[in-house]
Amino acid sequence: MILTTKVHQPGIVDMEKLVSLAKRRGFVFPSSEIYGGLGSTWDYGPLGVLMKNNIKAAWWRAMVQERDDVVGLDAAILMHPRVWEASGHVAGFADPLVDCKACKQRFRPDHVLVQELVFGGASAWVSGIDAESLRKAHQRRMTKTGTFSLGQELNLHEALSDVAIDQISCPACDTVGSLTEPRMFNLMFKTFVGPVEEEAARVYLRPETAQGIFVNFENVQTTTRKKLPFGIAQIGKAFRNEITTGNFVFRCREFEQMELEYFVKPGTDDEWFRIWVKARVDWWTGLGIRPESLRVRPHGKEELSHYSKATSDLEFRFAWGWAELEGVANRTDFDLTQHAKHSGKGLSYFDEEKNESIVPYVIEPSGGVDRGFLAFLTDAYVEEMAPTGEGKEELRVALQLHPAIAPVKAAVLPLSRKEPLVALAREVHASLRKHWSVQYDDAQSIGRRYRRQDEIGTPLCVTVDFQSLEDRQVTIRDRDTMKQVRMPIVELVPALRERLGF
Ligand code: GAP
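Residues numbered from 1 in each chain as written. Predicted model: local features only at pLDDT ≥ 70, side-chain atom pairs only at ≥ 80, totals over all residues. Heavy atoms only, no water.

Q: Pulling in residues and values, what's your account of the packing of aromatic side chains?
A: Per the counting criterion, the structure on display carries 17 aromatic pairs. Seen from their ring centres, Phe217 and Phe263 are 4.7 Å apart, and the 55 degrees between their planes marks the pair as tilted. Here the residue Phe217 occupies a position in helix H8 (residues 217-224), and Phe263 occupies one in strand E14 (residues 254-264), the gap between them amounting to 46 residues. Assessed through its relative accessible area of 1%, Phe217 is described here as buried. Plain terms: the ring middles of Phe230 and Phe263 are 5.6 Å apart, the flat faces sit at 40 degrees to each other, and that makes the pair tilted. Separated by 33 residues along the polypeptide, Phe230 in strand E13 (residues 230-239) and Phe263 in strand E14 bring together distant segments of the chain. (Phe/Tyr/Trp six-rings, centres within 6.5 Å; stacked < 30°, edge-to-face > 60°. Helix = DSSP H or I, 4+ residues; strand = E, 2+ residues; numbered from the N terminus. Buried < 20%, exposed > 50% of the residue type's maximum accessible area, 1.4 Å probe, protein only.)

Q: Explain the site of the ligand residue by residue, including any values.
A: By nearness alone, 20 residues border the ligand, and Glu208, Arg240, Glu242, Glu259 and Glu324 come closest of all. Here Arg240 contributes a side-chain N or O atom positioned 2.7 Å from an oxygen atom of the ligand. In this structure, a nitrogen atom belonging to the ligand sits 2.9 Å away from a side-chain N or O atom of Glu364. Isolated, the ligand exposes 560 Å² of accessible area, and the fraction of that covered by the protein chains is 91%. Residue assignment for the shell around the ligand shows that the elements contributing at least two residues are E14, strand E17 (321-332) and strand E20 (361-368). Ranked by residue count, the leading element in the shell around the ligand is E17, at 5 residues. (Near = heavy atom within 4 Å. Polar contact = N/O pair within 3.5 Å; in protein donor to acceptor, adjacent residues only side chain to side chain. Areas by Shrake-Rupley, 256 points an atom, 1.4 Å probe, with all protein chains shown as cover.)

Q: Residue-level account of the packing of helix H2 (residues 46-65) against helix H11 (residues 369-380), with values.
A: For any two helices packed against each other, one specifies the crossing angle of their axes together with the interaxial distance. The interhelical angle for the contact between H2 and H11, taken along N-to-C directions, is 105 degrees, at an axis separation of 10 Å. On the basis of the axis angle, H2 is roughly perpendicular to H11. Between H2 and H11, the contacting residues are Gly48, Met51, Lys52, Ile55 and Lys56 on the first element and Val369, Asp370, Gly372, Phe373, Phe376 and Leu377 on the second. Residues that form the contact of H2 with H11 fall into these classes: 6 nonpolar, 2 polar and 3 charged. (Axes fitted to C-alpha atoms, helices over the stretch in contact; angles between N-to-C directions. Parallel < 35°, antiparallel > 145°, perpendicular 65-115°, else oblique. Contact = heavy atoms within 4.5 Å. Nonpolar A, V, L, I, M, F, W, Y, C, P; charged D, E, K, R; others polar.)

Put into structure tokens, the structure is as follows:
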């Protein structure tokens with residue numbers, strides 16, 4: 001083991017460094033950058049697309065390939081507009097919203113509690129998203145102004161008939177006068193099918209992949225003859241016209257979801273909810289997310305979506321703090337019942353044991369590919385002082401990604417650009433790339449090439465030197481330990497397979 005000194009706490013990383021590395025090394029570029037970019041849309045570059053595909057492949061393997069009770073689906077992005085009436089998105093995504101210009105958070109006015117505090121001849125309006133945060137806002141004000149008497153507790157929607165919005169503080173960041181007037185806002189992107197842009201032709205870009213699964217419940221169940229409990233999994237693009245954006249690929253207007261709708265018998269739903277929360281935590285940590293970077297946060301009653309009986313967020317410690325990486329929800333029979341009602345088609349399941357038709361309950365683990373990408377990058381990033389070949393020390397940046405997630409699994413590095421070394425190195429590269437994504441890099445010194453591969457997270461480097469021409473042996477160098485071992489070329493494939501784990 002080569003001794004290194006970490007120069008920061010692993011898992012704690014400055015966002016600017018990540019964004020800069022992602023751009024510099026070809027992971028992520030701002031979309032349409034030569035035109036100045038388009039807010040909160042991103043393009044994944046040559047390494048980014050490899051890494052994103054690895055995340056999706058790992059999810060599919062665990063959720064579909066290795067299970068008997070889950071099958072896959074790839075539904076269309078454009079769906080009949082009535083799908084979104086049934087799901088509640090047309091009505092539910094059209095709430096009046098206020099934005100905070102300071103902290104960029106967005107609130108439904110009827111979900112914000114406000115109260116007037118009267119002190120001396122003056123008064124102030126404070127707010128909170130629940131009773132507890134309103135009480136904390138009182139306390140903060142108390143330290144500034146001393147004692148006060150309390151006015152009536154209202155929600156922001158009610159209060160706005162008596163008080164101007166610029167007198168009220170933001171429930172999240174406490175800034176006075178930072179909230180905008182309420183505006184009706186629907187998060188769904190709209191477009192038109194066919195040549196005429198009229199109301200009758202209006203369709204939406206799906207804001208979640210889940211509905212494609214629900215409307216295909218009967219198709220999938222009858223063609224696969226799956227018995228409860230069983231799941232339908234899907235990975236695909238979703239679109240939301242987010243007002244509050246930012247934090248790199250955390251909140252995008254176009255993003256990818258990995259969703260499973262797991263159909264269970266009513267009454268077994270609580271147990272399956274617990275099973276899926278644990279399974280999803282295990283999946284993230286099994287791929288290298290540090291346990292201390294992940295936590296499970298159950299939603300309070302007031303926070304639950306209209307369809308949910310229980311929801312737990314898997315939160316990741318991003319560079320700016322804890323935020324949702326994945327949600328696991330008990331959606332009950334809401335979606336199937338709604339689609340049955342709106343389509344007129346009975347979406348039920350015949351329970352042979354009980355000899356009756358039932359509407360299954362649904363447990364939904366729903367994760368974001370882009371948020372997963374950012375979480376893996378964040379947790380993998382390390383900066384450390386490492387020894388150089390000349391016996392000095394230098395700063396080394398490495399992405400200690402799990403081999404399954406790393407975009408490039410190995411790099412073949414010839415010590416010279418001269419023949420016949422190049423022919424041998426090319427031969428090694430050709431044999432390895434049949435199995436994995438493998439780079440060939442012959443530019444600059446070997447030390448710089450190692451650092452380049454460390455920085456993109458390549459777990460193994462294979463160095464071909466002049467001695468290799470004589471003994472047909474090469475050196476394998478491990479990214480994390482920087483340890484090197486020499487071995488015959490004929491043993492390379494099994495040796496890499498053992499080290500990578502696949
Ligand atoms: N079908 C349930 C559903 O869509 P959600 O919590 O709104 O639930 C699920 O989204 C996941 O999709 C989130 O946990 C997050 O990872 C991802 N996601 C949601 N909105 C996103 C956005 N604007 N940008 C990137 N990822 C997003």
